[in-house]
Amino acid sequence: MDSLREGYAAVVLGASGALGRAFLLHLQADPRCSSVIGLSRSTDPALALEDESSMVRCAARLRQHAPVHLVVDATGALTIDGSGPEKRLEELDPVRLLRAMEINATGPLLAMKHLLPLLARNERVIWAKMSARVGSIEDNRKGGWYGYRASKAALNMLLQSAAIEIARQRPLAVVVALQPGTVRSRLSQPFVGDEGLSPEESARRLLDVMDRLSPHGRAHFVDHLGNSIPW
């Protein structure tokens with residue numbers, strides 16, 4: 001990450017997932033990164049998107065590593081409590097819809113609420129959140145996947161509002177919603193098979209994209225090639 005200061009500190013949320021682990025390994029290999037901390041359900045302290053108190057504990061743990069210059073949030077889920085995305089209206093379940101919102105939208109923003117104060121001021125910082133192209137309202141051509149689409153669209157709006165607020169106190173901050181491409185993982189295999197990018201290649205591309213983004217007071221929504229996606 002050449003755009004961040006020498007000796008920058010990084011945090012990866014969702015570090016136990018395929019993409020999160022790939023980000024962690026890339027950042028650990030960057031000689032310009034002085035420290036990188038991975039948080040997930042399996043770390044100590046654990047990060048649980050459904051439990052705001054876990055975010056408070058994680059923030060307290062990270063204070064000794066502050067200021068932080070890069071946060072990569074690789075949390076999120078397509079399959080919710082064992083159920084895949086809905087294809088038809090008749091499959092909608094209100095509990096599952098709310099769970100999708102909790103895991104993909106409100107949980108990540110509550111994590112931002114507690115970790116944002118750790119970001120450095122008066123220098124370039126990046127908050128990067130994995131989103132999805134299917135969260136684009138304008139780009140929706142096929143329908144279906146109700147809970148996942150709606151939760152990612154909600155996430156994008158929350159990120160945009162947060163980016164505007166963040167810019168007032170940290171004008172050099174970059175906030176970005178990222179489309180990582182079709183990434184091969186255990187969770188995505190039922191939907192994409194063996195096609196798509198390896199987690200390592202997706203993470204490498206996304207870090208390169210982040211490095212090239214400029215702060216402009218609002219959030220970016222881009223894919224792993226750096227192409228803008230309509231909100």
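Residues numbered from 1 in each chain as written. Predicted model: local features only at pLDDT ≥ 70, side-chain atom pairs only at ≥ 80, totals over all residues. Heavy atoms only, no water.

### So, the overall build of the protein chain
- Helix and strand counts for the protein chain stand at six helices and six strands.
- The secondary structure elements of the protein chain, listed N-terminal to C-terminal, are β-α-β-α-β-α-β-α-β-α-α-β.
- Radius of gyration (C-alpha) of the protein chain: 17 Å, near the 17 Å computed for a compact globule of 231 residues.
- For the protein chain, the share of sequence-separated contacts (at least 6 apart) that also reach a separation of at least 24 residues comes to 71%.
- Accessible surface for the protein chain amounts to roughly 11,000 Å². Of this, 52% is attributable to carbon and sulfur atoms.
- Taking the 28 positively charged and 25 negatively charged side chains of the protein chain as two groups, their mean positions are separated by 2 Å. (Helix = DSSP H or I, 4+ residues; strand = E, 2+ residues; numbered from the N terminus. Rg over C-alpha atoms; globule rule 2.2 N^0.38 Å. Contact = heavy atoms within 4.5 Å. Areas by Shrake-Rupley, 256 points an atom, 1.4 Å probe, with all protein chains shown as cover. Lys, Arg positive; Asp, Glu negative; His and termini not counted. Charge placed at Lys NZ, Arg CZ, Asp CG, Glu CD.)

### Points about the pattern of salt bridges
- This model, assessed by the stated rule, comprises 15 salt bridges.
- Taking the shortest distance from any N to any O, the salt bridge between Glu-50 and Arg-41 comes out at 2.8 Å.
- The class for Glu-50 is partly exposed, based on a relative accessible area of 30%.
- By relative accessible area, Arg-41 is classed as exposed at 51%.
- Here Arg-57 makes a salt bridge to Asp-51, at a shortest N to O gap of 3.7 Å. (Salt bridge = Lys/Arg side-chain N within 4 Å of Asp/Glu carboxyl O. Buried < 20%, exposed > 50% of the residue type's maximum accessible area, 1.4 Å probe, protein only.)

### Concerning the sheet that holds strand S5 (residues 173–179)
- One open sheet holds the six strands; their spatial order is S2-S1-S3-S4-S5-S6, and the pairing between them is parallel. Among the strands making up the open sheet, the edge pair consists of strand S2 (33–39) and strand S6 (220–223). Looking at each pair of strands side by side, their axes are set apart by 20 degrees on average, direction ignored. (Pairing = 2+ DSSP bridges. Axes fitted to C-alpha atoms, helices over the stretch in contact; angles between N-to-C directions.)

### Description of the nonpolar core
- In this structure, Leu-13, Leu-39 and Met-112 are the most contacted members of the largest nonpolar core, which totals 33 residues.
- Not counting chain neighbours up to four residues away, the residues in contact with Met-112 comprise Pro-117, Trp-127, Leu-159, Ala-162 and Ile-166.
- Among the nonpolar cores identified, the runner-up in size contains 29 residues, and Phe-23, Ile-126, Val-176 and Ala-203 belong to it. (Core = buried A, V, L, I, M, F, W, Y, C linked by side-chain atoms within 4.5 Å.)

### With respect to helix H6 (residues 199–212)
- Taking 1.5 Å of rise per residue, 14 residues should cover 20 Å, and H6 covers 20 Å from first to last C-alpha, within 8% of that figure.
- Buried residues along H6 sit against helix H1 (18–28), strand S3 (70–73), strand S4 (125–130), S5 and S6. (Expected span 1.5 Å × (residues − 1).)

### Details of H1
- The set of residues buried in H1 consists of Leu-19, Gly-20, Ala-22, Phe-23, Leu-24 and Leu-27.
- Summarising the contacts, the buried residues of H1 are in contact with strand S1 (8–13), S2, S3, S4 and H6.

### As for the packing of aromatic side chains
- Under the definition given, this model contains two aromatic pairs.
- Ring centres of Trp-145 and Tyr-148 lie 6.1 Å apart, and the angle between their planes is 70 degrees; this geometry places the pair in the edge-to-face category.
- Relative accessible area serves as the criterion here: at 25%, Trp-145 is assigned to the partly exposed category.
- With a centroid separation of 5.1 Å and 40 degrees between ring planes, the pair formed by Phe-221 and Trp-231 is classed as tilted. Taken as a pair, Phe-221 in strand S6 and Trp-231 in the segment after S6 lie far apart in primary sequence, ten residues in all.
- Among the residues examined, Phe-221 registers a relative accessible area of 3% and is labelled buried. (Phe/Tyr/Trp six-rings, centres within 6.5 Å; stacked < 30°, edge-to-face > 60°.)

### Things to note about a nonpolar patch on the surface
- A surface patch of nonpolar side chains, about 260 Å² in accessible area, is lined by Leu-89, Leu-92 and Tyr-146.
- Among the structural elements, Leu-89 can be located in the loop between S3 and helix H3 (94–115). (Patch = residues over 30% accessible without salt bridge, like charges linked within 9 Å, V, L, I, M, F, W, Y side chains within 5 Å.)

### Section: the side chain of His-220
- Following the sequence through the fold, His-220 ends up in strand S6.
- Classification of His-220 by relative accessible area gives buried; the value is 13%.
- At a separation of 2.8 Å, a polar atom in the side chain of His-220 contacts the main-chain carbonyl oxygen of Ser-214.
- Residues within four places of His-220 in sequence aside, it is in contact with Val-174, Val-175, Val-176, Ala-177, Leu-213, Ser-214 and Trp-231. (Polar contact = N/O pair within 3.5 Å; in protein donor to acceptor, adjacent residues only side chain to side chain.)

### Quick notes on unusual backbone geometry
- Following Asp-44, the chain continues to Pro-45 via a peptide bond in cis, the omega torsion being 5 degrees.
- Here Pro-45 lies in the loop between S2 and helix H2 (52–62).
- Pro-67 follows Ala-66 through a cis peptide bond whose omega is 0 degrees.
- Relative to the assigned elements, Pro-67 resides in the loop between H2 and S3.
- Positioned with a positive phi, Asp-81 is a non-glycine residue whose angle comes to about 50 degrees.
- Position of Asp-81 among the secondary structure elements: in the loop between S3 and H3.

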